[in-house]
Amino acid sequence: MDVDVSDAETAQLRRPRRGLGAVWRGFAGSLAVGLVLLALVVIGFQVYAGSHGEPGPGAWVVAGHVVAAVVAVVAQRFADRRDGPVGVLAGLGVVAVSAVTLWVFWWA
């Protein structure tokens, strides 16, 4: 299935982002990547603990980190592809998911 994309849409997709919007997207993207890496580390700890007869972090903690990482990556895709309020709100969603994940699983 071929998708017909006009030259104007192609130019808009390729234009460089500048200013505060680029910084905001970069910050939110960093948090999303951090959640993915954190989820991989928690999975690794669970596998290691399970193979050594230890309880590890537990299934709920692992599942919570994986769900948070997926939600953050999806929100970041919206933030990267939308300008205006939608992009800003998607970035705020990444920040919120990151904060809630750290609070629930690491500080509370």
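Residues numbered from 1 in each chain as written. Predicted model: local features only at pLDDT ≥ 70, side-chain atom pairs only at ≥ 80, totals over all residues. Heavy atoms only, no water.

(A) Highlighting helix 2 (residues 20-51). Between its terminal C-alpha atoms helix 2 stretches 47 Å, which fits the 46 Å expected from 32 residues at 1.5 Å a residue. Residues Arg25, Ala28, Gly29, Ala32, Leu35, Leu38, Ala39, Val42 and Ala49 constitute the buried set of helix 2. Of the surrounding secondary structure, the elements contacted by the buried residues of helix 2 are helix 3 (59-81) and helix 4 (85-107). Backbone geometry just downstream of helix 2 places Gly53 in the positive-phi region, at approximately 75 degrees. (Helix = DSSP H or I, 4+ residues; strand = E, 2+ residues; numbered from the N terminus. Expected span 1.5 Å × (residues − 1). Buried < 20%, exposed > 50% of the residue type's maximum accessible area, 1.4 Å probe, protein only. Contact = heavy atoms within 4.5 Å.)

(B) Broad picture of the nonpolar core. One finds Ala28, Ala32, Leu35, Ala39, Ala68, Ala69, Ala72, Ala75, Val94 and Val97 forming the largest nonpolar core, which totals 10 residues. When residues no more than four places from it in sequence are discounted, the contact partners of Leu35 are Ala68, Ala69, Ala72, Val97, Ser98 and Thr101. (Core = buried A, V, L, I, M, F, W, Y, C linked by side-chain atoms within 4.5 Å.)

(C) Representation of the packing of helix 2 against helix 3 in the model. Two elements in contact, helix 2 and helix 3, have axes whose closest approach is 9 Å; the angle formed by their N-to-C orientations is 160 degrees. By the criterion of interaxial angle, the relationship of helix 2 to helix 3 is roughly antiparallel. For the element pair helix 2 and helix 3, the recorded crossing hand is left-handed. Across from Arg25, Ala28, Gly29, Ala32, Leu35, Val36, Leu38, Ala39, Val42, Ile43 and Gln46 in helix 2, the residues of helix 3 making contact are Val61, Val62, His65, Val66, Ala68, Ala69, Ala72, Val73, Gln76, Ala79 and Asp80. Residue composition of the contact of helix 2 with helix 3, grouped by class: 16 nonpolar, 4 polar and 2 charged. (Axes fitted to C-alpha atoms, helices over the stretch in contact; angles between N-to-C directions. Parallel < 35°, antiparallel > 145°, perpendicular 65-115°, else oblique. Left-handed = near helix turned anticlockwise from the far one by under 90°. Nonpolar A, V, L, I, M, F, W, Y, C, P; charged D, E, K, R; others polar.)

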